[in-house]
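# Structural overview for review
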Amino acid sequence: MNYTVGDVEGNACKIIETIRQVKAQGADLVVFAEQAISGAPAFDLLRKYRFLEQCEDALRRIAAECDTVDAIVGLPYLTPEGPVSAAAVIERGRVVRYVGKQGVIVRRELGFLTPSKGCEYVTLRGHRCALVVGEDLYHTADFDQSVETIIDITARRYRKGDLSRRYEIIRNIAYVNGKNVVMVNQVGGATEVVYDGMSGVMNGRGELVMLLKGFEEEVRMFDTERMEHPVESVPVSSKDRTRFVWKAAVCGLRDFFVKNGYRKACVGVSGGIDSAVVACLAVSALGRENVRGLMMPSQFSPESSVEDAKCLAENLGIDFDVVPISEAYRSVVDTLIPVIGGTDFDQTEENIQARIRTLMLMALQNKSDCVLLNSSNKSENALGLCTLYGDTAGAFSVTGDLYKTEIYDLARFINREIGAVIPEAILTKEPSSELHPGQKDSDILPPYEVVDAILYRMIEEGQPREEIINAGFDCDQVQQIYDMVMGSEKKRFQYPPVLRLSACSFGHEYRMPLTHKYGK
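For the structure given in this document, a descriptive report is provided here. (Residues numbered from 1 in each chain as written. Predicted model: local features only at pLDDT ≥ 70, side-chain atom pairs only at ≥ 80, totals over all residues. Heavy atoms only, no water.)

### A look at the nonpolar core
In plain terms, the rule: Here, nonpolar core means buried Ala, Val, Leu, Ile, Met, Phe, Trp, Tyr and Cys residues that are tied together by side-chain atoms lying within 4.5 Å of each other. Type-normalised accessible area, obtained with a 1.4 Å probe on protein chains alone, sets the label of each residue: buried when under 20%, exposed when over 50%, and partly exposed for intermediate values. Helical segments are the DSSP runs of H or I of at least four residues, strand segments are the runs of E of at least two, and each set is numbered from the N terminus. By the convention used here, residues are in contact when the closest approach between their heavy atoms is within 4.5 Å.
Counting 54 residues, the largest nonpolar core has L253, L312, L373 and I422 as the members making the most contacts within it. For this core, the secondary-structure elements that each account for two or more residues are α5 (241-260), β13 (264-268), α6 (273-286), β14 (291-295), α7 (303-316), β16 (370-374), α12 (404-418) and α13 (424-428). Top contributing element to this core by residue count: α6, with 11 residues. Those residues in contact with L373, other than ones at most four positions away along the chain, are L253, F257, A265, C266, V267, V278, A282 and F396.

If you want it as structure tokens, here you go:
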């Protein structure tokens, strides 16, 4: 199920509707995800006693529906030690016990949830089950021999590559213990995180015998007494990764708009690869009628970029305008003559262009009731190749956790699987911000394949400079990239919310002190 943080009434109604549906199908037990009633991550809502009381009240209403079916429902539950993430066990219309999560280890839970004692055993309809919450499944050493089925309810966010890891860990647990493992996850976006769902069942031979949809709601029945055939194709290999990134981005973007009551988006379409991908994601998530593009060429923008942007907009079928900024730029520069007159052209004039474009986009947002989408990528965010209060602006960044090379992968996937909407010229042109005549990113950087390989080792894997150099990378290039990353934290502190698609997102898994002298 796709739950909304803080919408206790809406979440409870969704749970009750599902209970009525499965009762009609003759189910014995229905299992809902971790923090289903509250939505996740709830952050400081978990410190509000009234909120926790509302969750308890909703649980009692849910229990009243469970006359012919038992249920396991996730919610935050207040204990004398503090709120815990618990699985409530409902039998014959009554809440009979709570099983709390022991491993409170992710940053979005630390400080908000209290560890509990972890795995417990319950007997439901004569069937002995081990019940665990969240990551406790990964850290429970062994299970009692009397257990027939292990049930894990979780709110595990999507991360590139995590599905393969999750599959292998659960397969190993099922095989080693010789027991069914049922895992039920949340699905849907909650601002910066997106839950992939991908709930399923492993049998005692470590075979995947049921797999629910990814990034979509679904209700399925599993019969513990019937031999199920293994799922023929397990979509967790590296070749599926870009497809999952696409689904996660569309799901996260759509839910950001739907759950916040937004409808329309605007995108600064430059004729470059980043804004092209963002525009495609917006159309898939919101519909072409709810997306508006704005091209803002300066005197340094080649006519080909304008044509590429127009072609993209026509292919997508979105409303589109071209508003040159040359006159506005000249006016600002002339006004600043007392301050910058007589100096050489440098990043000052470049940044003025980026900030004028943001001024235009914010005017479009205000006048047309649109929400501005940011078009950054992780490579630029890492290196600081962006302008504060310029191209860092926007209400939401759907691609800010994807490296530049991953943006190209996503663009090729879109043209191959969704439809050839991104012009070939956008895919093949050399990356450029077009802020001065003939400017190319390669003027100051190695190829992005090299840049991203170094960044991945530095950020995702935490490798020091020496280790990266020893792996065969050029010493000067590694030092240059290291200095750019370490010197750009002040910009990352002021980015809009970024949809977290990697295992190491800026501001969460990777956050440097704003003021420090490490490595200087």
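The discussion continues.
### Description of the sheet that holds strand β2 (residues 70-79)
Note the following rule: By the convention used here, strands pair only if DSSP detects at least 2 bridges between them. For every element, the axis is a line fit to its C-alpha atoms; helices are fit only across the contacting stretch, and the angle between N-to-C directions ranges from 0 to 180 degrees.
Within the open sheet, the four strands sit side by side as β1-β2-β3-β4. Their pairing is mixed. If you trace the sheet from one side to the other, it starts and ends with β1 (29-31) and β4 (94-100), each paired once. Pairwise comparison of adjacent strand axes, ignoring direction, gives a mean angle of 40° for this sheet. Where β1 meets β2, three bridges bridge the pair, whose relative direction is parallel. Pairing of V31 across the sheet is with I72, part of β2. Along the sheet, helix α2 (residues 49-64) makes contact with β2, β3 (82-91) and β4, crossing β2 at roughly 160°.

### Quick look at the state of the cysteines
Selection rule: The disulfide criterion used throughout: a pair of cysteine sulfur atoms within 2.5 Å.
Applying the stated criterion to the full structure yields zero disulfides. C251 carries a free sulfur, and the closest cysteine sulfur to it, the one in C280, is 18 Å from it. There is no disulfide at C311, and the cysteine sulfur nearest it, in C280, is 11 Å away. C311 gets classed as partly exposed once you look at its relative accessible area, which sits at 30%.

### Some words on the environment of Q365
Here Q365 shows up in helix α10 (residues 347-368). Along the primary structure Q365 and A411 are separated by 46 residues, whereas in three dimensions their C-alpha atoms are 26 Å apart. Not counting chain neighbours up to four residues away, the residues in contact with Q365 comprise C266, C370, V371 and L372.

### Points about the packing of helix α8 (residues 326-335) against α10
Stated formally: Each angle receives one of four descriptions, namely roughly parallel if under 35 degrees, roughly antiparallel if over 145, roughly perpendicular if within 65 to 115, and oblique otherwise. Note on convention: near helix rotated counterclockwise from far helix by under a right angle means a left-handed crossing. Clockwise means right-handed. As a working rule, the residues Ala, Val, Leu, Ile, Met, Phe, Trp, Tyr, Cys and Pro are called nonpolar, Asp, Glu, Lys and Arg charged, and the rest polar, with Gly in that last group.
Where α8 meets α10, the axes come as close as 10 Å, and the angle between the chain directions of the two elements is 125°. Classified by the angle between their axes, α8 and α10 sit oblique to one another. Here α8 and α10 pass one another in a crossing that is right-handed. The residues of α10 that touch α8, namely those facing A328, Y329, V332 and V333, are E349, I352, Q353, I356 and M360. Looking at the contact of α8 with α10 residue by residue, the classes come out as seven nonpolar, one polar and one charged.

### Some points on the pairing of β2
Across the 10 residues that make up β2, a large majority, eight, are buried. When β2 meets β3, the two strands line up antiparallel, connected through nine bridges. Note on β3: the bridge partner recorded for I72 is V89. Between the end of β2 and the start of β3, which pair antiparallel, lie two residues.

### Quick word on the pattern of salt bridges
For clarity, the threshold we go by: Whenever Lys or Arg places a side-chain nitrogen within 4 Å of a carboxyl oxygen from Asp or Glu, that contact is recorded as a salt bridge.
As enumerated under the stated definition, the model contains 41 salt bridges in all. One salt bridge in this structure joins K160 and E406, with 2.8 Å as the shortest N-O distance. With K160 in the loop between β7 (149-154) and α4 (162-177) and E406 in helix α12, this pair connects stretches of sequence that are 246 residues apart. Residue class for E406 comes out partly exposed when judged on its relative accessible area of 23%. In this structure, R166 and D162 form a salt bridge, with 3.3 Å as the shortest nitrogen-oxygen distance. In this pair, R166 and D162 are both assigned in helix α4, four residues apart and thus about one turn of the helix distant. In this structure, R166 and D162 share a single accessibility class: buried. Salt bridges sharing common partners tie together R159, D162, R165, R166 and D196.

The values are spatial; any link to function lies outside them.
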